[in-house]
Amino acid sequence: MPAVSAPLSDRDRLGAMAAAIACVAVVGTGLGLSIPLLSLEMERMGASSVVIGLNTALAGFAAILTVPFVPRLAARVGVVRLLVLAIILGGLCLTAFKLLPHLVLWFPLRFVFSTTMGVLFVLSEYWINDAAPPERRGLVMGIYATVLAIGFAIGPTLLTLLGTEGLAPYLAGSALFFLGLTPLVVARNLSPALGHDEGGGIVTYLRLAPLAVLAAALYGAVEAGAFAILPLYGLRIGLDAQTAAALVSAVALGNVVFQIPVGLLADRVDRRLVLLGASLAGALGAALIPVASASLPGLTALLFVWGGIVGTLYTVGLAHLGARLRGPDLAGANAAFVMLYNAGLMLGPPLIGGGMDLHPPQGFAVAMSLLFTLYAVPVVRSLARDRAA
């Protein structure tokens, strides 16, 4: 499966972008299905909440440990070959969870499964950034992120349709994995050339594209914190469990709706301004949550808009990354991007949950507002430096 380095025609560009988007659809579906399904299965197996939490957290550790090696491996194996291997292995792992119902085996299995997700994340982001026309990069990243969000929604929908017991949800998830191979095979000759230059480490990319990489960390922290702590916040303000859980749906739906419009905006103005606007809107929206909590419709509407704007941090950060770096540096930066996103996933819930413990229940909103404000500082500095220059 040879890689190409010559400029792509418009038709080839579409094929390459379709293949990358198919990979991220696999990631979204895999994570959206596996996280609730495996948690419920472990509970039926008699696992404690601590064991379930540790097994779930292993996903983030796996990504952080293995993602830095993905660009180097892809340079040796080939981008498409490695993506194909990751999809096949991920699909087999998903069914293996049901066929090997022993908790001691689920830890290495979860590690391997999460590693395949990391490979798909890094290389699909690299590929779509490489294939996207520079003048339409924001739009393309918006479509990419929308498909990822839809993939997350497909997973729980499958559980609703097929149930959480028996082989059916596992086999259905694996089948969707393997379905993602089709556009990869079609685009097998369109993968970007990736030389054996290993690029730099995470510190290098923090220096080369700090705003993009830190946007990933912020988004990971707020996404995980909101999804994990928001239902608890709903309970603390007097909502029933079902209504409290529905608050997360408002955030997720906004995330789907806002990606493409903000991506279009990012193609027309300095992307740093869009990142600044998203961070300030995130800080203001979080600060307004205590006020809006007096009205369920008002809180739901706020979370919809807030979730949509906040979700664009990942999209615009990714587009900003692609505009600044190319080739091995872009692949390495995408690895750093995914690493910091996963670091945010692990750090967000304890930070934001800790805020709610310190000042119940509104400390939840205060902690998130502070995180957005902290990110806005380097964005303002970057814009000020350019203006001074």
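Look up a bit, the structure's there.
Cut-off values and rules
Residues numbered from 1 in each chain as written. Predicted model: local features only at pLDDT ≥ 70, side-chain atom pairs only at ≥ 80, totals over all residues. Heavy atoms only, no water. Helix = DSSP H or I, 4+ residues; strand = E, 2+ residues; numbered from the N terminus. Rg over C-alpha atoms; globule rule 2.2 N^0.38 Å. Buried < 20%, exposed > 50% of the residue type's maximum accessible area, 1.4 Å probe, protein only. Contact = heavy atoms within 4.5 Å. Areas by Shrake-Rupley, 256 points an atom, 1.4 Å probe, with all protein chains shown as cover. Core = buried A, V, L, I, M, F, W, Y, C linked by side-chain atoms within 4.5 Å. Patch = residues over 30% accessible without salt bridge, like charges linked within 9 Å, V, L, I, M, F, W, Y side chains within 5 Å. Salt bridge = Lys/Arg side-chain N within 4 Å of Asp/Glu carboxyl O. Phe/Tyr/Trp six-rings, centres within 6.5 Å; stacked < 30°, edge-to-face > 60°. Axes fitted to C-alpha atoms, helices over the stretch in contact; angles between N-to-C directions. Parallel < 35°, antiparallel > 145°, perpendicular 65-115°, else oblique. Left-handed = near helix turned anticlockwise from the far one by under 90°. Nonpolar A, V, L, I, M, F, W, Y, C, P; charged D, E, K, R; others polar.

1. Focus on the overall build of the chain
Reasoning step 1: Each helix and strand in the chain was counted, giving 15 helices and zero strands.
Reasoning step 2: Relative to the 2.2 N^0.38 estimate, which gives 21 Å for 389 residues, the radius of gyration of the chain is 20 Å and therefore close to what a compact globule would have.
Reasoning step 3: Principal axes of the C-alpha set define a box for the chain whose edges measure 60 × 60 × 35 Å.
Reasoning step 4: Burial statistics for the chain: of 389 residues in total, 53% are counted as buried.
Reasoning step 5: Across the chain, every contact between residues at least 6 apart in sequence was considered, and the portion connecting residues at least 24 apart equals 84%.
Reasoning step 6: Split by element, the accessible area of the chain, about 16100 Å² in all, is 70% carbon and sulfur.

2. Some thoughts on the nonpolar core
Reasoning step 1: If you look at the biggest cluster of nonpolar residues, it comprises 120 residues, and the most contacted ones within it are Trp 127, Leu 321 and Phe 364.
Reasoning step 2: Looking at this core, the element that brings in the most residues is helix H1 (residues 10-44), giving 14 residues.
Reasoning step 3: Setting aside residues no more than four positions away along its own chain, Trp 127 makes contact with Ala 16, Ala 19, Ala 20, Val 79, Val 80, Leu 83, Leu 184, Ala 187, Leu 190, Ser 191 and Pro 192.

3. Examining a nonpolar patch on the surface
Reasoning step 1: Taken together, Leu 99, Leu 100, Val 104, Leu 105, Leu 167 and Leu 171 make up a surface patch of nonpolar side chains, about 530 Å² in accessible area.
Reasoning step 2: Within the secondary structure, Leu 171 is located in helix H7 (residues 168-179).

4. Some remarks on the packing of aromatic side chains
Reasoning step 1: Evaluated as defined, the whole model comprises 11 aromatic pairs.
Reasoning step 2: With a centroid separation of 4.9 Å and 70° between ring planes, the pair formed by Tyr 314 and Phe 337 is classed as edge-to-face. Residue Tyr 314 is found in helix H13 (residues 296-324), and its partner Phe 337 is found in helix H14 (residues 327-358); the two are separated by 23 residues along the sequence. When sorted by exposure, Tyr 314 lands in the same class as Phe 337, which is buried.
Reasoning step 3: Here the aromatic cluster, defined as three or more aromatic residues joined through ring pairs, consists of Phe 121, Tyr 219, Tyr 314, Phe 337 and Tyr 341.

5. Brief notes about the packing of helix H5 (residues 103-131) against H13
Reasoning step 1: The contact between H5 and H13 brings their axes to 10 Å, and the two run at 60°. Judged by the angle between their axes, H5 and H13 are oblique. In this structure, H5 meets H13 at a crossing whose hand is right-handed. Where H5 approaches H13, its residues Phe 121, Glu 125 and Asn 129 are matched on the opposing element by Tyr 314, Leu 318, Ala 319 and Gly 322.
Reasoning step 2: Here the residues of the contact of H5 with H13 are counted per class, giving four nonpolar, two polar and one charged.

6. Notes on the pattern of salt bridges
Where side chains of opposite charge bring their charged atoms close, a pairing between them can arise.
Reasoning step 1: Applying the stated criterion across every chain yields a total of five salt bridges.
Reasoning step 2: Close ionic contact of Arg 271 with Asp 267 constitutes a salt bridge, the shortest N to O distance being 3.3 Å.
Reasoning step 3: Arg 271 gets classed as buried once you look at its relative accessible area, which sits at 12%.
Reasoning step 4: In this structure Asp 267 comes out as buried when scored by relative accessible area, which is 19%.
Reasoning step 5: Of the charged contacts, one joins Arg 272 and Asp 270 as a salt bridge, the two residues approaching to 2.8 Å between their closest N and O atoms.
Reasoning step 6: We classify Arg 272 as buried; its relative accessible area is 12%.
Reasoning step 7: Through salt bridges with shared partners, a single network forms among Glu 41, Arg 44 and Lys 98.

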